[in-house]
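Secondary and tertiary structure notes
The lines below spell out each chain.
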Amino acid sequence: MKVDLTSIRHGFTQSGLNRADLSSNPFEQFKLWFEQAQEAGVIEPSAMSLATSDDSEISIRTVLLKYFDSHGFVFFTNYNSQKSKQLQTNPNVALLFPWLVLERQVKISGHVEKLSTLESLKYFSSRPKASQLGAWASQQSSNLSSRQMLLSQFESMKAKFSKGEIPLPDFWGGYCVIPLKIEFWQGRENRLHDRFIYHLSEDKWKIERLAP
Ligand SMILES: Cc1cc2nc3c(=O)[nH]c(=O)nc-3n(C[C@H](O)[C@H](O)[C@H](O)COP(=O)(O)O)c2cc1C
């Protein structure tokens, strides 16, 4: 079977990106674009593709950015999941935000650091109770015999933690992606897109234009 998609063509015409308009700080630039993605109605602007790898496999999935500052970009997950196993072998990662409504993408590469238990607890405590129980109930990335099994694990966690605060699972928490490179991509007409990459050089962010 062959499904031919070559006639799908989108012309990128919304706007351009000029060197003079960029903040000298990539986190400030990211903040501006993030706010513009929110304003433009991007569904889940905090959804980002996270690529990880080990010696035998490269793997990618969506996770949610929960906060960021000038140190890095934080997401939360199960520490026994496939991604976490790969991160233990190889902490190098890539992130991608496809904000296509704005004809934009942001590409980030760097390495992860595990958050402290205290910091993970702070976020875990802020989650709705059902999400906290969901974290307890799912052995993320392991085989599951049926959906019923998952629901019954959820119910048994609900019974177990029926009184008081739900504790932070020791297999659940956050990672911070510390970036080395952050690229901002703006689609332009005739595939002559604007790309600017920030990279760290002697502790300072340098900005270069890249060919599209
Ligand atoms: C919109 C969206 C948001 C998601 N957010 C998260 C998240 O923040 N953390 C997480 O562990 N999984 C999240 N997932 C599920 C992951 O994509 C993935 O299925 C899960 O983490 C297991 O990945 P792994 O087996 O590669 O480790 C999200 C999925 C989608 C589609």
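Our structure is the block above this text.
Read on for a plain summary of the structure. Small disclaimer: the values here were computed from a predicted structure and weren't measured. (Residues numbered from 1 in each chain as written. Predicted model: local features only at pLDDT ≥ 70, side-chain atom pairs only at ≥ 80, totals over all residues. Heavy atoms only, no water.)

**Some details on the pairing of strand β6 (residues 104-114)**
The two faces of the sheet receive side chains in turn, since in a regular strand these alternate between them. Worth spelling out the cut-off: When DSSP finds two or more bridges between a pair of strands, those strands are recorded as paired. Numbered from the N terminus, helices here are DSSP runs of H or I no shorter than four residues, and strands are runs of E no shorter than two.
Where strand β5 (residues 92-99) meets β6, eight bridges bridge the pair, whose relative direction is antiparallel. Paired with Ala 94 across the two strands is Ser 109, which belongs to β6. Hairpin remark: β5 followed by β6, antiparallel, with four residues in the connecting loop; positive phi at Glu 103, about 55°. Relative to strand β7 (residues 172-186), β6 runs antiparallel, the two sharing eleven bridges. In the strand pairing of β7, Gln 105 is matched with Trp 185.

**With respect to the environment of Thr 62**
Where we set the bar: Note on exposure labels: buried denotes an accessible area under 20% of the residue type's maximum, exposed denotes more than 50%, and partly exposed covers the range between, all computed with a 1.4 Å probe on protein chains only. Note on contacts: a residue pair qualifies if any of its non-hydrogen atoms lie within 4.5 Å across the two residues.
As for its placement among the helices and strands, Thr 62 is situated in strand β2 (residues 58-64). The exposure class assigned to Thr 62 is exposed, which follows from its relative accessible area of 55%. It is 24 Å that separates the C-alpha atoms of Thr 62 and Leu 5, two residues lying 57 residues apart in sequence. Here Thr 62 is in contact with Ala 47, Met 48 and Ser 49, once residues within four sequence places are set aside.

**Structural notes on the nonpolar core**
Our working definition: Remark: nonpolar core denotes a set of buried residues (Ala, Val, Leu, Ile, Met, Phe, Trp, Tyr, Cys) joined through side-chain atoms within 4.5 Å.
Core analysis: the largest hydrophobic core is formed by 31 residues, its most contacted members being Phe 30, Phe 73, Phe 75, Trp 99 and Val 106. Elements with a minimum of two residues in this core: α1 (26-39), β1 (47-53), β4 (73-78), β5, β6, β7 and β8 (194-201). The element best represented in this core is α1, accounting for five residues. If we ignore the near neighbours within four places in the chain, the residues touching Trp 99 are Phe 30, Trp 33, Phe 34, Ala 37, Val 42, Pro 45, Arg 104, Gln 105 and Val 106. One finds Tyr 123, Ile 166, Trp 172 and Ile 178 within the second-largest nonpolar core, a separate group that totals 17 residues.

**Topic: the site of the ligand**
Applicable threshold: If a single non-hydrogen atom of a residue is within 4 Å of a molecule or strand, that residue counts as near it. Distance and chemistry together define a polar contact, namely a pair of N or O atoms within 3.5 Å, with one atom able to donate a hydrogen and the other to accept it when in protein, and with adjacent residues in sequence counting only for side-chain atoms on both sides. The protein chains shown are the only cover counted for residues, whose accessible areas, like all others here, come from Shrake-Rupley with a 1.4 Å probe.
Around the ligand, the neighbouring residues are Arg 61, Thr 62, Val 63, Leu 64, Phe 76, Thr 77, Ser 81, Gln 82, Lys 83, Gln 140 and Ser 141. Leu 64 places a main-chain nitrogen or oxygen 3.0 Å from an oxygen atom of the ligand. Interatomic distance of 3.3 Å between a backbone N/O atom of Gln 82 and an oxygen atom of the ligand. Burial of the ligand by the surrounding chains reaches 64%, relative to a free accessible area of 610 Å².

**Here's the deal with the pattern of salt bridges**
Here the idea is simple: oppositely charged side chains can pair when their charged atoms come close. The test is simple: Whenever Lys or Arg places a side-chain nitrogen within 4 Å of a carboxyl oxygen from Asp or Glu, that contact is recorded as a salt bridge.
One pass over the structure, following the stated rule, counts five salt bridges. For the salt bridge of Lys 31 with Glu 35, the shortest nitrogen-to-oxygen distance reads 3.3 Å. With Lys 31 and Glu 35 both in helix α1 and four residues apart, the pair spans about one turn of that helix. Relative accessible area serves as the criterion here: at 31%, Glu 35 is assigned to the partly exposed category.

**Structural notes on the side chain of Gln 186**
Looking at the secondary structure, you find Gln 186 in strand β7. Judged by relative accessible area, Gln 186 falls into the buried class, the value being 0%. Within the local environment of Gln 186, its side chain forms a polar contact with the backbone oxygen of Leu 102, the two atoms lying 3.1 Å apart. Look past the residues within four positions of Gln 186 in its chain and what remains in contact with it is Ser 15, Gly 16, Leu 17, Trp 33, Leu 102, Glu 103, Arg 104, His 193 and Asp 194.

Everything listed is a geometric property; what it means functionally is a separate question.
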